[in-house]
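# Coordinate analysis (summary)
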Amino acid sequence: MTAAASLVDSFGRVHTDLRISVTDRCNLRCTYCMPLEVVFKPREELLTFEEITRVAGVAATLGIRTIRLTGGEPLMRRDLPELVRQLVAVPGIEEVAITTNGLLLAEQAADLRAAGLARLNVSLDSLTAHGFERIARRPGLDRVLAGLEAAKREGFAQIRINAVSIKGLTEAEIVPLTRFCRREGFHLRFIEFMPLDGEESWDTSQVLSGAEVRKLLERDIGPLVAENADHPGQPAIDYRWVDGGRVGFINPVSRPFCDRCDRLRLTADGQVRNCLFSTVEWDARSLLRGGGDDTSIATLIRDCVAAKRAAHGIDTPTFARPARAMYQIGG
Ligand code: SAM
Ligand code: SF4
């Protein structure tokens, strides 16, 4: 990739990954993400598949190589496999993946696979119906488990499970979830709770750190060996048990990985963001709908990258939450 065709920010970070939110709608109401009562964006404010693919195409000419579809719940966007098909065909894009809560996966796994989806991350915090509902505030565990089965059947390799860790809420889920993932061959990753919940109740005292979760797992399951301590480029730190099975930790609060961040984001309503915690957005939708050419979209993306701050600053006294919550940005 030539320097002109790469998205390098003022701290030397090269951006190759684009997270695209396809909707702010969701069939769950996870406490750490959404408020119970939500007003969703009118549909006409969401980018069309053609608009999304156009931004992805321009981003690919600037060095974006991987795309992850997210939301809200991406599988709630009608005809999502069609979007996957379009994105897989974008020159320069090497991989299209998805993060989903899995509720609609059983119905869509085959179509997504046929469309060229490379990888799946499924979010799952509990293996009991009661625990699931306490966290997601809606039922759905059986459907997620059926979705995981379908994904396996379709031959998706390396299915990842994401679980958010929250003090006083998820401790009892950690060991059963880990045992389940070891048994099923899913790669489980625990994510620290970030200040992006829709009800704005986040507080540092609720953060159950990756180190604390690891201690719990070592106590109840057995000692862990670090797998990728030598690869500091990874946001997740992965561990394995000597007798088999792996587990990872994404620790954005206790061990921020901002110095290695290679991500850009496109919200469902067409705003480009350089960080989950950015308080500024770059309005691609106005360009797309106002007759802007590809050069103007490329300039907007470059400007967004150039303005990226060194770090999210959650751990600093001047930290200010973004105006939008996780489901509106795209996790
Ligand atoms: N609905 C899909 C899902 O849940 O997988 C995709 C969107 S969701 C916003 C993406 C990921 O963000 C999920 O794994 C979710 O657990 C995580 N997430 C949401 N809010 C979070 C928070 N406040 N802190 C940490 N992770 C969060
Ligand atoms: Fe929906 Fe995903 Fe947010 Fe849960 S984390 S409310 S499933 S968007």
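Overview of the structure. (Residues numbered from 1 in each chain as written. Chains lettered and ligands numbered in written order. Predicted model: local features only at pLDDT ≥ 70, side-chain atom pairs only at ≥ 80, totals over all residues. Heavy atoms only, no water.)

### Section: the packing of aromatic side chains
The criterion, for reference: What counts as a ring pair is set by centres within 6.5 Å for rings of Phe, Tyr and Trp (its six-membered ring), and what kind of pair is set by the plane angle: stacked under 30 degrees, edge-to-face over 60, tilted for all other angles. The numbering of helices and of strands both runs from the N terminus, where a helix is a DSSP run of H or I of at least 4 residues and a strand a run of E of at least 2. Charges are assigned to positions over rings by a cutoff of 6 Å between ring centre and Lys NZ or Arg CZ, combined with an angular limit of 35 degrees from the ring normal.
All told, the structure shown has 4 aromatic pairs when counted by the stated rule. Here Phe190 and Phe249 contribute two aromatic rings whose centre-to-centre distance is 6.1 Å and whose plane-to-plane angle is 20°, an arrangement assigned as stacked. One end of the pair, Phe190, is in strand 8 (residues 187-192); the other, Phe249, is in strand 11 (residues 246-250), and 59 residues separate them in sequence. Residues Phe277 and Phe319 carry aromatic rings whose centres are separated by 5.7 Å and whose planes lie at 70° to one another, so their mutual orientation is edge-to-face. With a gap of 42 residues between them, Phe277 in the loop between strand 13 (271-273) and strand 14 (282-283) and Phe319 in the loop between helix 9 (294-306) and helix 10 (326-329) connect regions that are remote in the sequence. Three or more aromatic residues link up through ring pairs in this structure, and these residues are Phe190, Tyr239 and Phe249. Of note, Arg113 hangs over the ring of Phe156, and the distance from its end group to the ring centre comes to 5.0 Å. Across from the ring centre of Trp241, 4.4 Å away, lies the NZ or CZ of Arg182, which sits over that ring.

### Notes on the pairing of strand 11
The condition is simple: Each residue's exposure class comes from its accessible area (1.4 Å probe, protein chains only) as a fraction of the maximum for that residue type: buried when under 20%, exposed when over 50%, partly exposed otherwise. DSSP-based pairing: two strands are paired if at least 2 bridges between them are found.
In terms of residue burial, strand 11 counts as a mostly covered element, since 4 of its 5 residues are buried. The sheet contact formed by strand 8 and strand 11 spans 4 bridges and is parallel. In the strand pairing of strand 11, Arg189 is matched with Gly248. Linkage of strand 10 (residues 236-241) to strand 11, two consecutive antiparallel strands, is achieved through a turn of 4 residues, within which Gly244 is found at a positive phi near 110°.

### Quick word on helix 1 (residues 49-61)
Where we set the bar: Every helix has an expected span of 1.5 Å times one less than the residues it contains. By definition in these notes, contact holds between two residues if any of their heavy atoms fall within 4.5 Å.
The first and last C-alpha atoms of helix 1 sit 18 Å apart over 13 residues, in line with the 18 Å expected at 1.5 Å per residue. Those residues of helix 1 that sit buried are Phe49, Glu51, Ile52, Thr53, Val55, Ala56, Val58, Ala59 and Ala60. Looking at the buried residues of helix 1, the elements they touch are strand 3 (17-21), strand 4 (66-70), helix 2 (80-88), strand 12 (263-266), helix 8 (284-289) and helix 9. One or two positions beyond helix 1, positive phi appears at Gly63, with a value near 115°.

### A short note on the pattern of salt bridges
Where charged atoms of side chains with opposite charge meet at close range, the side chains can pair. Convention followed: In what follows, salt bridge is the name for a side-chain nitrogen of Lys or Arg lying within 4 Å of a carboxyl oxygen of Asp or Glu.
In this structure the tally under the stated criterion is 24 salt bridges. We note a salt bridge from Glu94 to Arg65, for which the minimum N-O separation is 3.9 Å. With Glu94 in the loop between helix 2 and strand 5 (95-100) and Arg65 in the loop between helix 1 and strand 4, this pair connects stretches of sequence that are 29 residues apart. In this structure Glu94 comes out as exposed when scored by relative accessible area, which is 63%. Taking the shortest distance from any N to any O, the salt bridge between Arg324 and Asp269 comes out at 3.0 Å. With a gap of 55 residues between them, Arg324 in the loop between helix 9 and helix 10 and Asp269 in the loop between strand 12 and strand 13 connect regions that are remote in the sequence. Just as Arg324 is buried, Asp269 falls in that class too. If you follow the salt bridges from partner to partner, you end up with Lys41, Glu45, Asp269, Arg273, Glu281 and Arg324 in one network.

### Here we look at the nonpolar core
Our working definition: To qualify as a nonpolar core, a set must consist of buried Ala, Val, Leu, Ile, Met, Phe, Trp, Tyr and Cys residues joined through side-chain atoms within 4.5 Å.
Ranked by size, the top nonpolar core spans 101 residues in total, and within it Leu69, Leu217 and Ile301 carry the most contacts. Considering each element in turn, this core owes the most residues, 7 residues, to helix 1.

### Description of the pairing of strand 4
Operational definition: Here, the term right-handed applies to a crossover whose path from the first strand over the helix to the second runs clockwise when the strands point away from the viewer.
Burial within strand 4 is extensive, with 4 of its 5 residues counted as buried. Taken together, strand 3, helix 1 and strand 4 form a β-α-β motif whose crossover is right-handed. Judged from the 4 bridges that link them, strand 4 and strand 5 form a sheet pairing that is parallel. Looking at strand 5, one finds that Arg68 is bridged to Ala97. Regarding topology, helix 2 serves as the crossover connection from strand 4 to the parallel strand 5, and that connection is right-handed.

### Regarding the site of ligand 1
Formally: Near is defined per residue: the residue qualifies when any heavy atom it owns lies within 4 Å of the molecule or strand. N or O atoms within 3.5 Å of each other form a polar contact, as long as, within protein, one can give a hydrogen and the other can take it, and as long as residues adjacent in sequence are counted only when both atoms are side-chain atoms. Calculation of accessible area relied on Shrake-Rupley with a 1.4 Å probe; when residues are assessed, cover is drawn exclusively from the protein chains displayed.
As a structural note, the neighbourhood of ligand 1 is formed by 17 residues, with Tyr32, Gly72, Glu73, Ser123 and Met194 the closest of them. Between Asn162 and ligand 1, the recorded distance is 3.5 Å, taken from a side-chain N or O atom to an oxygen atom. In this structure, a nitrogen atom belonging to ligand 1 sits 2.9 Å away from a main-chain N or O atom of Met194. The protein chains hide 95% of the 540 Å² of surface that ligand 1 would expose on its own.

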